[in-house]
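Understanding the architecture of this molecule
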Amino acid sequence: MSLNEKSRTENARRNALFAVAKKLVTLVLVLISRRIFIKYIGIEYLGINSLFANVLTLLSLADLGIGTAMNVCLYKPIAEKDTKTLAAIIGYFKKIYWAIAAVVTVVGLGLIPFLKYIVNMDQDIPHLYLYYVIMICRNAFSYLFAYKSSIINADQKSSTIDKVEIWFTFTKTILEIIVIIVFKNFLAYLIIDVVYVVTRNIMVAHIANHEYSFIKEKAALDGEEKKRIRSNLLSLAIYKTSYVALNGTDNILMSIMIGTVYVGMYSNYYSIANNIEAILGLIFMSLTPSIGNLVATSKSKDIYRVFNQAQNASFWISGVVCAGLLFLMQDFITLWLGKDMLLDKYTVAAIVLYQFYAICMRPVWIFREGTGMYRQIRYIMLVTAGVNIVLSIVLGKYMGLSGILFATTIANMLTCFLYEPRILFKNFFNTSPVIYYKNYIINALLTLLGMVLCYFALKNLTEVSVVMFIIKGIICVLIMSAIYFIRYFRTPDFRELVKKVLSLITKKQG
């Protein structure tokens with residue numbers, strides 16, 4: 001089958017639609033399965049599962065951002081329909097990925113003696129090491145066919161993978177729920193997850209072989225191309241190391257300093273906030289391959305216009321989402337899992353603060369991935385990771401769980417927030433970043449204003465029920481949307497964004 005012939009707009013529409021659909025299905029299933037998990041297996045095992053997942057995040061350091069480098073390398077030959085080069089790149093990265101699978105397995109097994117230092121529980125967990133080894137195998141296998149999914153994503157056909165994952169995730173979750181209720185066994189739960197990963201990856205590999213039959217051809221990269229790839233990988237190695245140190249240590253520090261059970265309790269809050277942010281992120285990230293194509297084919301003025309539209313949308317969305325999280329998260333946890341699973345208000349505030357930062361920075365991040373900007377920010381990420389670890393230990397000691405979470409946002413704001421937009425504006429937009437920071441400050445003040453108005457509107461609505469939850473949600477959306485509508489409705493970028501959103505919803509663009 002030929003490479004993607006559709007426009008960036010249509011590709012973005014299709015990818016966003018299926019990305020959101022997949023995440024919504026996953027979110028609903030997670031909410032159901034997690035409640036059943038806690039009821040029949042226990043919060044202790046949820047803490048173990050979350051902790052080991054975090055350890056495996058550190059193990060993902062082994063891939064050093066290979067996937068991102070591969071996608072960046074694929075954009076140009078895909079645009080030029082150079083199947084020979086594509087086949088050579090795929091073959092080259094296959095060798096790298098298989099080596100990574102071996103490294104992940106060996107390093108993961110080597111960490112077994114250290115588990116006793118990071119698992120902090122009042123009771124012993126039987127078969128703890130067996131659970132960990134199974135999760136290592138799952139993680140290692142995920143690399144074996146990753147190189148084939150990259151060409152699907154780079155060709156702006158991620159919706160193809162999403163269709164598969166919606167059905168696989170649904171089937172997996174149903175099986176997990178049955179196993180949890182019938183056997184109340186964590187081992188069986190993990191085995192189902194491994195089978196899911198294996199089956200899903202085989203299916204995606206089959207799709208890639210069918211859609212891009214040329215990737216099975218033998219071809220070799222020339223010296224210059226290999227040199228360029230190695231240069232990208234070196235930059236990504238530093239970037240990935242920093243990213244993992246920044247985002248892969250919170251649960252480990254929580255387990256050591258506070259307790260593994262609290263890792264499980266926090267994971268409920270994280271699941272809500274992260275899935276909401278992930279749905280929004282998928283919408284933006286579905287544009288990333290298009291951004292790579294846009295940068296390669298358009299002028300800086302056009303690139304900046306697209307960025308500005310995405311940024312305005314992220315500001316608006318951040319206000320609505322953060323107000324909802326601040327005023328509704330505790331009610332949701334109570335309705336979902338019960339009051340016994342509630343954490344303190346400072347933890348909620350820390351989660352909301354990070355979500356505000358993450359959503360507002362999302363356009364910068366998608367341009368970072370789409371433009372290969374990680375080369376310019378690799379060292380500042382190292383600084384961010386170092387600041388985060390120090391602050392997490394200090395604030396965690398004095399503030400507990402919320403201190404560890406506040407540390408991540410503070411570290412990002414002191415470093416990446418001050419640096420990344422400057423690089424983007426200087427190198428790709430050829431303009432000053434002052435307007436970006438000005439708009440960010442205005443947005444923060446608007447969000448704060450909206451929070452105050454929501455507080456006074458909701459302070460007497462203390463009942464916790466499904467109906468009251470919906471009412472509170474509507475109030476938050478209306479107040480925050482009214483503020484941002486007044487702020488943006490006269491701007492040309494806003495009007496163009498509205499037209500684009502309406503066109504994406506109502507019809508395909510050629």
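Per chain, residues are indexed from 1 in the order of the written sequence. Given that the model is predicted, a residue must reach a pLDDT of at least 70 before its local features are reported, and side-chain atom pairs must reach 80 or more before they are shown or counted; all residues, however, enter totals for whole chains, interfaces and linings. Side-chain descriptors were evaluated using all non-hydrogen atoms of the structure, hydrogens and water having been removed beforehand.

**Describing the overall build of the protein chain**
Runs of E in the DSSP output that reach at least two residues are strands. Runs of H or I that reach at least four are helices, and both are numbered from the N terminus. Broken down by element type, the protein chain carries 21 helices and zero strands. Burial status follows relative accessibility: with a 1.4 Å probe on protein chains alone, a residue under 20% of its type maximum counts as buried, one over 50% as exposed, and anything between as partly exposed. Of all 510 residues assigned to the protein chain, the portion counted as buried reaches 56%. Working rule for contacts: check all heavy atoms of both residues, and any pair within 4.5 Å makes them a contact. By sequence separation, contacts in the protein chain at least 24 residues apart represent 84% of the contacts at least 6 residues apart. Accessible area for the protein chain stands at about 23,100 Å²; split by element, carbon and sulfur atoms hold 66% of it. Working definition of accessibility: Shrake-Rupley area with a 1.4 Å probe, residue cover restricted to the visible protein chains.

**Re the state of the cysteines**
Cysteine sulfur pairs qualify as disulfides if the two atoms are within 2.5 Å. In this structure the tally under the stated criterion is zero disulfides. Of the cysteine sulfurs around C322, a residue in no disulfide, the closest is that of C360, at 7.1 Å. According to the relative accessible area criterion, C322 is buried, its value standing at 0%. C454 takes part in no disulfide bond, and the closest cysteine sulfur to it belongs to C476, at a distance of 4.2 Å. Judged by its relative accessible area of 0%, C454 falls in the buried class.

**With respect to the pattern of salt bridges**
A pairing counts as a salt bridge when a side-chain nitrogen of Lys or Arg comes within 4 Å of a carboxyl oxygen of Asp or Glu. Under the criterion given, the structure shown has four salt bridges. A salt bridge links E176 to K172, with the nearest nitrogen and oxygen atoms 3.8 Å apart. You can see E176 and its partner K172 sitting in helix α8 (residues 158–183), four residues apart, about one turn around the helix. We classify E176 as buried; its relative accessible area is 4%. Linked through salt bridges whose partners overlap, the residues forming this network are R138, K172, E176 and D193.

**What to know about the packing of helix α17 (residues 401–414) against helix α18 (residues 416–429)**
Lines fitted to the C-alpha atoms define the axes, with helices restricted to the stretch that makes contact. Angles between their N-to-C directions range from 0 to 180 degrees. Two elements in contact, α17 and α18, have axes whose closest approach is 4 Å; the angle formed by their N-to-C orientations is 40°. Accordingly, the angle class assigned to the pair α17 and α18 is oblique. Contact residues: α17 offers N412, M413 and L414, while α18 offers C416, F417 and L418. Residues are sorted three ways: Asp, Glu, Lys and Arg are charged, Ala, Val, Leu, Ile, Met, Phe, Trp, Tyr, Cys and Pro are nonpolar, and all the rest, Gly among them, are polar. Of the residues assigned to the contact of α17 with α18, the class counts are five nonpolar, one polar and no charged. Any angle that falls under 35 degrees is termed roughly parallel, while one over 145 is termed roughly antiparallel, one within 65 to 115 roughly perpendicular, and all others oblique.

**Notes on a positive patch on the surface**
Taken together, the side chains of K94, K95, K218, K226, K227 and R230 make up a positively charged region of the molecular surface. Elements with a contribution of two residues or more to the positive patch: α4 (83–110) and α10 (223–247). When residues in the positive patch are grouped by element, the largest group, three residues, is from α10. The topology assignment puts K226 in helix α10. Since its relative accessible area comes to 30%, K226 is described here as partly exposed. Here the term patch refers to residues with relative accessible area over 30% and no salt bridge, with like charges joined within 9 Å and nonpolar side chains (Val, Leu, Ile, Met, Phe, Trp, Tyr) within 5 Å. When charges are counted, Lys and Arg contribute as positive and Asp and Glu as negative, whereas His and the chain ends are disregarded. To locate a charge, take NZ of a lysine, CZ of an arginine, CG of an aspartate or CD of a glutamate.

**Digging into the confidence of the model for the protein chain**
Per residue, pLDDT measures the predictor's confidence, with a range of 0 to 100. Residue-level pLDDT values for the protein chain average 83, and 86% of them are 70 or greater. Element-level mean pLDDT values for the protein chain span from 60 in helix α13 (residues 288–297) up to 95 in α17.

**Concerning the nonpolar core**
The set of buried Ala, Val, Leu, Ile, Met, Phe, Trp, Tyr and Cys residues whose side-chain atoms join them within 4.5 Å is what this entry labels a nonpolar core. Formed by 139 residues in total, the largest nonpolar core has its most connected members in F52, L74, I151 and Y436. Looking at which element gives the most residues to this core, the answer is helix α15 (residues 345–371), with 14 residues. The residues touching F52, leaving out its near neighbours within four places in the chain, are L115, V119, L128, Y131, Y132 and M135.

**With respect to the packing of aromatic side chains**
For this analysis, a ring pair means two rings from Phe, Tyr or Trp (six-membered ring only for Trp) whose centres lie within 6.5 Å, classed as stacked if their planes differ by under 30 degrees, edge-to-face if by over 60, and tilted for the remaining angles. Going through the model one piece at a time under the given rule, you end up with 33 aromatic pairs. Ring centres 6.3 Å apart and planes at 25° place the aromatic pair W316 and Y484 in the stacked group. In this pair, W316 is assigned in helix α14 (residues 300–336) and Y484 in helix α20 (residues 466–488), connecting sequence segments 168 residues apart. Seen from their ring centres, F356 and Y440 are 5.9 Å apart, and the 80° between their planes marks the pair as edge-to-face. Placement of the pair is F356 in helix α15 and Y440 in helix α19 (residues 434–458), with a sequence separation of 84 residues. On the accessibility criterion, F356 (11% relative accessible area) is buried. On the basis of relative accessible area, Y440 is assigned to the buried category, the value being 4%. A connected cluster of aromatic rings, assembled from ring pairs, spans Y304, F307, F315, F356, F417, F425, F429, Y436, Y437 and Y440. Consider the ring centre and the ring normal. A charge sits over the ring if Lys NZ or Arg CZ is within 6 Å of that centre and within 35 degrees of that normal. Above the face of the Y196 ring, K172 is positioned so that its terminal group lies 4.8 Å from the ring centre.

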